[in-house]
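# Structural overview for review
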Amino acid sequence: QYLDFAQIRYRGPHSDPGRERLSVGLGLQLPNSGNQLLKIRELELEEQALQQEIDAERQVQQTDFAVRQRQWMLDYQHYVTVVRTFAEEASELALMEEKLRRKEGFNPLPLLAVQERKLRNQLQQIGVAAALYEDYLDLREQGGDLCTATRGELLLQDK
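Every chain is numbered on its own, with residues counted from 1 as its sequence reads. A pLDDT threshold of at least 70 governs which residues receive local features in this predicted model, and a stricter bar of 80 or more applies before side-chain atom pairs are shown or counted, although totals over entire chains, interfaces and linings include all residues. Side-chain metrics in this entry use all non-hydrogen atoms of the structure; hydrogen atoms and water are not considered.

## Notes on a nonpolar patch on the surface
Short version of the rule: For patch detection, residues must exceed 30% relative accessible area and be free of salt bridges, and they are connected within 9 Å for like charges or within 5 Å for nonpolar side chains (Val, Leu, Ile, Met, Phe, Trp, Tyr). Only the protein chains shown count as cover for residues, and the accessible areas themselves come from Shrake-Rupley with a 1.4 Å probe. Each reported salt bridge corresponds to a side-chain nitrogen of Lys or Arg within 4 Å of a carboxyl oxygen of Asp or Glu. We count a stretch as a helix when DSSP gives it H or I for four or more residues in a row; a strand needs E for two or more, and each element gets its number in order from the N terminus.
Together, Ile8, Tyr10, Leu22, Val24 and Leu26 line one region of the surface with nonpolar side chains, adding up to about 610 Å² of accessible area. For the nonpolar patch, the secondary-structure elements that each account for two or more residues are β1 (3-10) and β2 (22-28). For the nonpolar patch, the leading source of residues is β2, giving three residues. When you line up the elements, Leu22 lands in strand β2.

Structure (C-alpha cells):
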C-alpha cells in the first residue's frame, strides 16, 4: 500500500487566470520507512517476549507435573509399606486372638482390644488408600488424561 492519502481542492473561478483554481495533493507511503520498520520490530520483540513467557509457563507446568508424579510414587510406596505392615500385624493379632480364646476363663477385654486394633488399622489403611486415589486422580487430571477416560478405566490401570 503506497498511497497514504489523496486530496483534490477546487477554489472556484477567479478573475485572474493566473491564479490557481484546482489543486491536487497526494501523500505516498514508502514501505520501508523508518517508523514502519520500528513498529514491525517492536511487534516482533513483543511476540518473542510472549513466546518466551509461554515457554516458561509450559516448563513450570511440566516441572510441577514431574514433581507431583514423583511425590505420588513415594506416596504409593508408603501405601504398599502400610499394607504390608498391617497385614503382618493382622496375622500376629490373629495368633494373639487364638491364644486368648484357648485360655480357660479368659478376660474378654484383651480380645476386644485386639479387635479394636484391627479395626483402627483397617480405617488407617482405607484413609491412606483414599488419599492415594485422590492424588492419583488429581495427577491424571493435571496430565489431561481424566477427560479421555469415560468408563473408570483410570482406576483399573496398573499403576
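## Notes on the confidence of the model for the chain
Short version of the rule: Values of pLDDT, the confidence the predictor places in each residue, fall between 0 and 100.
Across the chain, pLDDT averages 82, with 81% of residues at or above 70. The least confident element of the chain, judged by mean pLDDT, is helix α3 (residues 153-156) at 58; the most confident is helix α1 (residues 34-102) at 90.

## As for the packing of aromatic side chains
To be explicit about the condition: Stacked, tilted and edge-to-face are the three classes applied to pairs of Phe, Tyr and Trp rings, where Trp contributes its six-membered ring and a pair requires centres within 6.5 Å; stacked means planes under 30 degrees apart, edge-to-face means over 60, and tilted covers the rest. Relative accessibility decides the category of a residue: with a 1.4 Å probe and only protein chains considered, values under 20% of the type maximum give buried, values over 50% give exposed, and everything between is partly exposed.
Using the criterion set out here, one finds two aromatic pairs in the structure. Here Trp72 and Tyr136 contribute two aromatic rings whose centre-to-centre distance is 5.4 Å and whose plane-to-plane angle is 40 degrees, an arrangement assigned as tilted. You can see Trp72 sitting in helix α1 and its partner Tyr136 sitting in helix α2 (residues 108-142), a full 64 residues away along the chain. Comparing Trp72 with Tyr136 shows no difference in burial state: the two are buried. An aromatic cluster is present here, built from Trp72, Tyr76 and Tyr136 joined pairwise through their rings.

## Let's talk about a negative patch on the surface
The condition that has to hold: Only four residue types enter the tally: Lys and Arg on the positive side, Asp and Glu on the negative side, with His and both chain ends excluded. Here the site of a charge means NZ on Lys, CZ on Arg, CG on Asp, or CD on Glu.
A cluster of acidic residues, Glu134, Asp135, Asp138 and Glu141, forms a negative patch on the protein surface. In this fold, Asp138 is placed in helix α2. For Asp138, a relative accessible area of 36% corresponds to the partly exposed category.

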